[in-house]
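# An overview of the molecular structure
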Amino acid sequence: MANILVVDDELGIRDLLSEILNDEGHQVDLAENAAQARAARALARPDLVLLDIWMPDTDGVTLLKEWSSTGLLTMPVIMMSGHATIDTAVEATRIGAMAFLEKPITLQKLLKAVEQGLARTLARPSATPLKTTAAPMADFVPEAAMAGGVLAVPLDRGPQATQSFMLEKPLRDARDEFEKAYFEFHLAREGGSMTRVAEKTGLERTHLYRKLKQLGVDLTRGKRSL
């Protein structure tokens, strides 16, 4: 999906944001201070940055200003803080931040801000168009798969909403079979996002993860491909 850099001096915040964004299919890099953020910005060229304002060495607004003045503010930056004033938020926006999230950050606001930031990234014209040389589709189609000029492609429709279960089994086995099918269906429907499945099923994330492991659910099956 996208490469996102999370810059925050609090380990708990970094871990939480990383887990949520990974569930959404993104690649996440972490930095706990401005020095690490500079290195990560140079190495990975992130599509979006979540930047904390209050950090021990260099604060987020100063780092944002540094990137802006040196021509490195080429990606959307979302500022985060639990103690910032309105003036600080306004200053960050004036420098070039696209949004400001107040801690504690709600899941809905985080995902919405990230979605809007990435939409802005994708809207930018690419400096060097990607050139690809595609071979004719016929080169990739086995003759055995052709029938009367129509390509017969087996479709993996994934878990279906309607299932059938053997009721002659012991209650525990039948219940586990139902729950496994239930969670596989919702994982496929939500693109493998544990966060969205937790919201949909009303379970706390840690409990949901343990439940899926217990049922033997393949957690990679519904993941969106990058």
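Let me begin by describing the structure that accompanies this report. (Residues numbered from 1 in each chain as written. Predicted model: local features only at pLDDT ≥ 70, side-chain atom pairs only at ≥ 80, totals over all residues. Heavy atoms only, no water.)

Now for the packing of helix α3 (residues 60–69) against helix α4 (residues 86–95). At their nearest, the axes of α3 and α4 sit 9 Å apart, and the two run at 15 degrees to each other. Accordingly, the angle class assigned to the pair α3 and α4 is roughly parallel. The crossing of α3 and α4 is left-handed. Taking contact as the criterion, the partners of V61, L64, K65 and S68 in α3 are, on α4, T88, E91, A92 and I95. In terms of residue class, the contact of α3 with α4 is built from four nonpolar, two polar and two charged. (Axes fitted to C-alpha atoms, helices over the stretch in contact; angles between N-to-C directions. Helix = DSSP H or I, 4+ residues; strand = E, 2+ residues; numbered from the N terminus. Parallel < 35°, antiparallel > 145°, perpendicular 65-115°, else oblique. Left-handed = near helix turned anticlockwise from the far one by under 90°. Contact = heavy atoms within 4.5 Å. Nonpolar A, V, L, I, M, F, W, Y, C, P; charged D, E, K, R; others polar.)

Attention now moves to the pattern of salt bridges. Scanning the entire structure with this criterion turns up six salt bridges. For the salt bridge of K103 with D52, the shortest nitrogen-to-oxygen distance reads 3.2 Å. Taken together, the positions of K103 in the loop between β5 (99–102) and α5 (107–123) and D52 in strand β3 (residues 48–52) put the pair 51 residues apart, joining distant regions of the chain. Like K103, the residue D52 is buried in the burial classification. (Salt bridge = Lys/Arg side-chain N within 4 Å of Asp/Glu carboxyl O. Buried < 20%, exposed > 50% of the residue type's maximum accessible area, 1.4 Å probe, protein only.)

Our focus in this paragraph is α4. When we look at burial in α4, the residues that qualify are T88, A89, A92 and I95. In a view along the axis of α4, the buried residues occupy a sector of 125 degrees, so they form one face of it. Among the exposed residues of α4, those pointing more than 90 degrees away from its buried face are I86, D87, V90 and R94. Among the structural elements, α3, β4 (77–81) and β5 are those in contact with the buried residues of α4. (Arc of directions from axis to C-beta.)

The next thing to look at is the layout of surface pockets. Quantified by volume, the largest pocket comes out at close to 350 Å³. Forming the boundary of the largest pocket are 14 residues, of which M1, A2, H26, V114 and L118 lie nearest the centre. A breakdown of the residues in the lining of the largest pocket according to their chemical character gives seven nonpolar, two polar and five charged. (1 Å grid on protein atoms, 1.4 Å probe; cavity = no way out; pocket = protein on both sides within 12 Å on 5 of 7 lines; lining within 4 Å. Points joined across faces, edges and corners; volume = space filled by probe spheres on them.)

Next up on the list: the side chain of S81. Within the element layout of this structure, S81 appears in strand β4. A polar atom in the side chain of S81 sits 3.4 Å from the side chain of W54. Aside from chain neighbours lying at most four places away, what touches S81 is D52, I53, W54, F100, L101, E102 and K103. (Polar contact = N/O pair within 3.5 Å; in protein donor to acceptor, adjacent residues only side chain to side chain.)

Along any regular strand the residues' side chains alternate between the sheet's two faces. Counting buried positions along β4 yields five of five residues, so the element is predominantly enclosed. The alternating pattern of β4 places V77, M79 and S81 and I78 and M80 on opposite faces, both of which are buried. With four bridges joining them, β3 and β4 adopt parallel strand pairing. In the strand pairing of β4, V49 is matched with V77. Crossover β3 to β4 through α3 is right-handed. With α4 bridging β4 and the parallel β5, this β-α-β connection has right-handed handedness. (Pairing = 2+ DSSP bridges. Right-handed = clockwise from strand over helix to strand, strands pointing away.)

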